[in-house]
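Chain by chain, the residues:
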Amino acid sequence: MSVADQQADQHADRKKTQKKANLRTLRRLILISIGMFGFGFAMWPLYEIFCDVTGFGGRGVQEVTTEEIQHYDDQREITMRFDATVNSGLNWQFEAIDKAQTVQLGKLTVASYTSINMSDEPVIGHAVFNVAPPEASLYFVKTECFCFTEQLLLVGEQRDMPVTYYISPDLPADIESITLSYTFFKNIPATLAYNKTAKKEINNQPNPNNITTNDTRARGE
Amino acid sequence: MTTTTHEDHNEDHHDHDHKPQGFLNRWVFSTNHKDIGTLYLVFALLMFFIGGAMAMIIRAELFMPGMQLVQPEFFNQMTTVHALVMVFGAVMPAFVGFANWMIPLMIGAPDMALPRMNNWSFWILPFAFTMLVSTLFMDGGAPAGGWTLYPPLVLQTGDSFIFAMFAIHMLGISSIMGAINVIATILNMRAPGMSLLRMPLFVWTWLITAFLLIAVMPVLAGAVTMLITDRFFLTSFFNAAGGGDPVLFQHIFWFFGHPEVYIMILPAFGIISEIIPTFARKPLFGYTSMVYASASIAFLSFIVWAHHMFTVGMPLGAEIYFMFATMMISIPTGVKVFNWIATMWRGSMTFETPMLFALGFVVLFTIGGFSGLMLAIVPADFQYHDTYFVVAHFHYVLVTGSVFALMAGTYYWLPKWTGHMYNERLGKWHFWLSVVFVNVLFFPQHYLGLAGMPRRIPDYSPQFADFNMLSSIGGFAFGLTQLMFVYIVWKCVRGGEPATARVWEGARGLEWTVPSPAPFHTFETPPEIDDSMVAHGEHM
C-alpha cells in the first residue's frame, strides 16, 4: 500500500466516524429541543405551584363554609379597599358600594358590590378576583362571594353582590391595608346557551321562573 | 505559513472546484456551506432594508407631533413587524450566514456537519417571511400588539393572527436546525489539533449561542402554540376569564426573550474578538477569560428574565433577586470590554473599516450596556418602563451593537469571500456617516424616555417635538447611509483590487490560509495545524 493510499483510507475512516458522530449529535439535540418544547408547557403547572405558594394572583384566598369559620379575638385593625373593573366585552355597570372598610382581624365582615346589566339581552357574567399585596391573599378567608358562581342578569336588572370575609390574625404586621379587586367577564358560552334555551321556552311556554342560576338567593331580592 | 503551501492548496482545489451549474442547482438545492452562507447574508440584507423601510415610516410619523402620515393602527403594525423582521429576519439570519461561511473555514472542516439540513434551514426563511410580511395586506392588517405578542392584545389581531404565528413557528424551526448544525459541526468536524480551547472566539461564541437557541426557541414555540389554542380551541392558558393568567405568557416569553437578546449579541462579541487582534497586531488579551465570560453570560441569561416585567407586579423578594442577578451580567460583559481594550493597549493599531466599526461597537455597545444597568434598577425601571429610554437602550445594543458587528465582520471577511478588496475610502465614509447619524438617531431618545415619552404611540405631546425631529433626521440619514453599504458590497463582488490569501497584515487563523476568494471546496483533507495558524488560544 502506498502512502497516498494509506492517507486515503484514513481519510475515509475519518469521514465515516464523523458521519456517525454527526447523526448522534443530531439525535441528542433534537431530543433536547423536544424536551424544551415540553418545558414551555411545564411552565404552566410550575406557575400554578408558584402562585399557590406565594398567594400570587389571589391564589392564597381560602374559601370556607360557615361551619368552618374559626373565631378569633384580635384587636388589630387594618384597612380594606375594594376595587371593581368590567372587562370591555361585558356591558355592565359594576361598582363597589363599600370603597373602604376598617376591619378587625378575624372578624367576619360583609362588603357589597352592585351591578346592572346595561345591554339589551340577558347576560351571564363571571367575576375573577385578585388581592394586593399578593402575600396577603394567604391570610384572606371568604365564606361567601358572588365570584363563586355564575351571575345571570336580565336586561336592566340590578343586583347587590355581597362578599363575606375575614382576615386571619396571622397576617404579617407590615401589611396595613389590603385591596380586593374584582373583574367581571362575560361568560360567552354560558350566555349563548342561556339565550338559546330562553328563546325556546318563550316560544313554548313563557315562564321566566324556570330560569335558574346557582345564585337563587340574590335573585330573590 | 509559507507561500508554497498556499500554492499547494491552490492546486489541491483546482480539481475539486466543481460548482453545480445552473441557478437551481447552485442555489436552491445547495448544500455547500459557503453558498448557503451567502444566501443567508443576502437574505438578511434584504430583510434589513424591508425592516428599515418600516423604521423610516415610524420616524416619518414621529417627525412632528400630531397624526401626519399614517393611521394609528398602521403605525402599531409598523412597530410590531419592524421588530419581528429585524430580529428574526435580519440580525439572526445574518449571524447564521457568518457561521455558515466562517465556522468550517475556521476549524478546518470541509463543510457543515449536516449539509442537507443546512439547505432546509435556510429555505424555510423566505417562505416564513413572505407569510409574515403578507399579513400587512390582510383584513385587519398585520399583528399590531408589539413583537412581544402579549395576550390578550395579540389575540385581538385580525385574520393575520394565525399567519404570523405560523411564520414564527417556521422561523423557530429554521433557527433550531441551524443551531443543531453549528453544534454538530463544532463538536465533530474540527481538524486534528484544533482543540476546543484553540478555537477562534467567533466559533466559541457561536457554539454557546447555538446551545441558547436549542434551549429557548422551543419555549417560544410552546408559548406561540398556547396562544393559538387560546384563540382557536378555547383553552385558557392566558385568559383570565377562564382561570388563566396573561402574566404567565410574559414569563414564558421572556424566558425565551432574554436568552434571545444574547443570541443576537454573543456572535457579535465573537466577530469583534477576531477583528481587534488583527488590527492591533496583538493576540487577543485573556482568551480563556473571554470563553468563560461568554459561557457565564449565557448561563446568567436564563435566570434574569423577569427584569423585563418588573411593573406587572411581583413579590418584593423577586424584584430584588432579578435586579441583582441582572446587574451581575455586567461583570462578564465588563471582562470582555476590558479584554478588548487590553488587546489594543500598546498594539500597532491601524484603522481600516472593519476596525473602525469594531471600535464603534466597543464604545457604543458599552453605552447600551450602561443604559441596561439603569433599567435593571427596579425603582428606576418603574419610571423608565415602556418609554423611549427602553427604545434607546435596545437600539444601542442591537444597532450599534449587533448590526455594527455585522458590518465590521462583512468588511473584514468580504475580501476572503469575493477575492477583491472593497473600496476603503467609501468604507470609511460609510462608517463615519453611520456612527454620526446613528447617534443623532438614538441618543435623543434617551432624553425623550426620561422625560416620559411612551413607546409604541404614534402621537406625542409638543414638549417632545424637538428631540423627535432630531431623531427622525438622524434616522433618515442613517437609513440612506446604509445604501452605501449595498453599493460597496456590490462593487466588491463585481471587482476590485485582488485580495491576497491573508488579506490583512495581522490576520491569524485557518480561514486566512486558503486563497481569496475561498475556493468552493476547502479543507477536503484536514489541514495540519501549527501554532502560526491559530489565531489565539492555547499553544501546542
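Residues numbered from 1 in each chain as written. Chains lettered and ligands numbered in written order. Predicted model: local features only at pLDDT ≥ 70, side-chain atom pairs only at ≥ 80, totals over all residues. Heavy atoms only, no water.

## Concerning the overall build of chain A
What chain A contains, in helices and strands, is three helices and ten strands. In chain A, of all internal contacts separated by at least 6 residues, the share reaching a separation of at least 24 is 77%. With an accessible surface of roughly 12,800 Å², chain A has 54% of that area assigned to carbon and sulfur atoms. (Helix = DSSP H or I, 4+ residues; strand = E, 2+ residues; numbered from the N terminus. Contact = heavy atoms within 4.5 Å. Areas by Shrake-Rupley, 256 points an atom, 1.4 Å probe, with all protein chains shown as cover.)

## So, the pairing of strand E3 (residues 92-96) of chain A
Residue and element names in this part refer to chain A. Of the two faces of E3, only the one carrying Trp 92, Phe 94 and Ala 96 is buried; Gln 93 and Glu 95 on the other face are not. Direction of pairing for E3 relative to strand E5 (residues 109-117): antiparallel, over a ladder of five bridges. Looking at the pairing, Glu 95 lines up with Thr 114 of E5. (Buried < 20%, exposed > 50% of the residue type's maximum accessible area, 1.4 Å probe, protein only. Pairing = 2+ DSSP bridges.)

## Comments concerning a nonpolar patch on the surface
A surface patch of nonpolar side chains, about 350 Å² in accessible area, is lined by Phe 443, Tyr 447, Phe 467 and Leu 470 of chain B. As for its placement among the helices and strands, Tyr 447 of chain B is situated in helix H16 (residues 424-450). (Patch = residues over 30% accessible without salt bridge, like charges linked within 9 Å, V, L, I, M, F, W, Y side chains within 5 Å. Salt bridge = Lys/Arg side-chain N within 4 Å of Asp/Glu carboxyl O.)

## Overview of the nonpolar core
Phe 88, Trp 206, Trp 340 and Phe 361 of chain B are the most contacted members of the largest nonpolar core, which has 197 residues in total. The greatest single-element share of this core, amounting to 23 residues, is contributed by helix H4 (residues 72-107) of chain B. Setting aside chain neighbours within four positions, we find Trp 340 of chain B in contact with Phe 269, Ile 272, Ser 273, Ile 276, Leu 284, Met 290, Phe 361 and Val 362 of chain B. Listed in part, the 32 residues of the second largest apolar core include Phe 82, Leu 90, Phe 129 and Phe 140 of chain A. (Core = buried A, V, L, I, M, F, W, Y, C linked by side-chain atoms within 4.5 Å.)

## Considerations on the confidence of the model for chain A
Of the residues in chain A, 89% have a pLDDT of 70 or more, and the chain-wide mean is 84. Scored below 50 in pLDDT, residues 206-221 of chain A makes 17 contacts in the model with residues more than four places away or belonging to other chains. (pLDDT = per-residue confidence, 0-100.)

## Topic: the sheet that holds strand E10 (residues 177-186) of chain A
All names here are of chain A. If you trace the five strands from one edge of the open sheet to the other, you get E4-E2-E10-E6-E8, paired in mixed fashion. If you trace the sheet from one side to the other, it starts and ends with strand E4 (100-104) and strand E8 (151-153), each paired once. The mean angle between the axes of side-by-side strands here comes to 30°, regardless of whether they run parallel or antiparallel. Two strands pair when backbone bridges link them, and strand E2 (residues 77-86) and E4 are joined in this way by five bridges, in the antiparallel orientation. From the neighbouring strand, Thr 79 faces E4, where its bridge partner is Thr 102. (Axes fitted to C-alpha atoms, helices over the stretch in contact; angles between N-to-C directions.)

## Looking at the interface of chain A and chain B
The partner chain B presents 36 residues to the 23 residues of chain A that form the contact. Across the chain A to chain B interface the summed buried area is about 2,700 Å²; carbon plus sulfur atoms make up 75%. Here chain A is connected to chain B by zero salt bridges. For the pair chain A and chain B, the interface holds eight residue pairs in polar contact (both at pLDDT 80 or more). If you tally residues by element for the side of chain A that touches chain B, the top one is helix H1 (residues 3-54) of chain A, at 20 residues. In terms of residue class, the side of chain A that touches chain B is built from 15 nonpolar, six polar and two charged. (Buried area = accessible area lost by both parts, 1.4 Å probe. Polar contact = N/O pair within 3.5 Å; in protein donor to acceptor, adjacent residues only side chain to side chain. Nonpolar A, V, L, I, M, F, W, Y, C, P; charged D, E, K, R; others polar.)

## Considerations on the packing of H1 of chain A against helix H8 (residues 246-263) of chain B
Between H1 of chain A and H8 of chain B, the least distance of the axes is 10 Å, while the angle of their chain directions is 145°. As H1 of chain A packs across H8 of chain B, the resulting crossing turns out to be right-handed. Of the residues in H8 of chain B, those in contact with Met 36, Phe 39, Gly 40, Met 43, Trp 44 and Tyr 47 of chain A of H1 of chain A are Val 247, Leu 248, His 251, Ile 252 and Phe 255 of chain B. Class assignment for the residues of the contact of H1 of chain A with H8 of chain B results in nine nonpolar, two polar and no charged. (Left-handed = near helix turned anticlockwise from the far one by under 90°.)

## Remarks on the state of the cysteines
All names here are of chain A. Applying the stated criterion to the full structure yields one disulfide over all chains. Disulfide pairing is shown between Cys 145 and Cys 147; the S-S distance is 2.3 Å. Between Cys 145 and Cys 147 the disulfide shows an S-S torsion of about 130°. By sign, it is right-handed. This pair shows no difference in class: Cys 145 is buried, exactly as Cys 147 is. Cys 51 takes part in no disulfide bond, and the closest cysteine sulfur, belonging to Cys 147, lies 17 Å away. (Disulfide = S-S within 2.5 Å.)

## Things to note about the confidence of the model for chain B
All names here are of chain B. Chain-level pLDDT for chain B is 92 on average; 96% of the residues reach the 70-or-more range. Counted against residues more than four places away or in other chains, residues 1-15, with its pLDDT under 50, gives 17 contacts. The ipTM for the predicted assembly is 0.87, set against a pTM of 0.89.

## Considering the packing of aromatic side chains
Scanning the entire structure with this criterion turns up 66 aromatic pairs over all chains. With centroids separated by 5.3 Å and ring planes inclined at 65°, the aromatic side chains of Trp 305 of chain B and Phe 322 of chain B adopt a geometry described as edge-to-face. Pair noted here: Trp 305 of chain B is in the loop between helix H10 (287-300) and helix H11 (316-328) and Phe 322 of chain B is in helix H11, with a separation of 17 residues, a long-range link. Taking 6.4 Å as the distance between ring centres and 5° as the angle between the ring planes, the aromatic pair formed by Tyr 412 of chain B and Trp 504 of chain B counts as stacked. On the criterion of sequence distance, the pair formed by Tyr 412 of chain B in helix H15 (residues 388-418) and Trp 504 of chain B in the segment after helix H17 (465-494) is long-range, its members being 92 residues apart. In this structure, Lys 142 of chain A is placed above the aromatic ring of Phe 129 of chain A, and the distance from its NZ or CZ to the ring centre is 3.3 Å. (Phe/Tyr/Trp six-rings, centres within 6.5 Å; stacked < 30°, edge-to-face > 60°. Lys NZ or Arg CZ within 6 Å of the ring centre and 35° of its normal.)

## Some words on the domain arrangement of chain A
When the domains of chain A are assigned, the result is domain 1 (1-54) and domain 2 (62-203). With centres defined by C-alpha atoms, the gap from domain 1 of chain A to domain 2 of chain A works out at 52 Å. (Domains from an automatic or database assignment.)

## Some words on the side chain of Gln 151 of chain A
Residue and element names in this part refer to chain A. Turning to its location among the elements, Gln 151 is positioned in strand E8. The class for Gln 151 is buried, based on a relative accessible area of 0%. One polar contact links Gln 151 to Thr 149, side chain to side chain, over a distance of 3.3 Å. In this structure the side chain of Gln 151 is engaged in a polar contact, spanning 2.6 Å, whose partner is the side chain of Arg 159.

## Points about unusual backbone geometry
Cis geometry is found at the peptide bond from Ala 132 of chain A to Pro 133 of chain A, where omega equals -5°. Residue position: Pro 133 of chain A is located in the loop between strand E6 (123-132) and strand E7 (140-145). Put simply, Pro 151 of chain B and Pro 152 of chain B share a cis peptide bond, and its omega is 5°. With respect to the helices and strands, Pro 152 of chain B occurs in the loop between helix H5 (115-134) and helix H6 (160-188). Here Arg 346 of chain B, not a glycine, exhibits a phi torsion of approximately 60°, which is positive. Structurally, the position occupied by Arg 346 of chain B is in the loop between helix H12 (330-344) and helix H13 (353-376). We classify Arg 346 of chain B as exposed; its relative accessible area is 75%. The backbone phi angle of Arg 456 of chain B is positive, close to 60°, even though this residue is not glycine. Tracing the sequence through the fold places Arg 456 of chain B in the loop between H16 and H17. A relative accessible area of 25% places Arg 456 of chain B in the partly exposed class.

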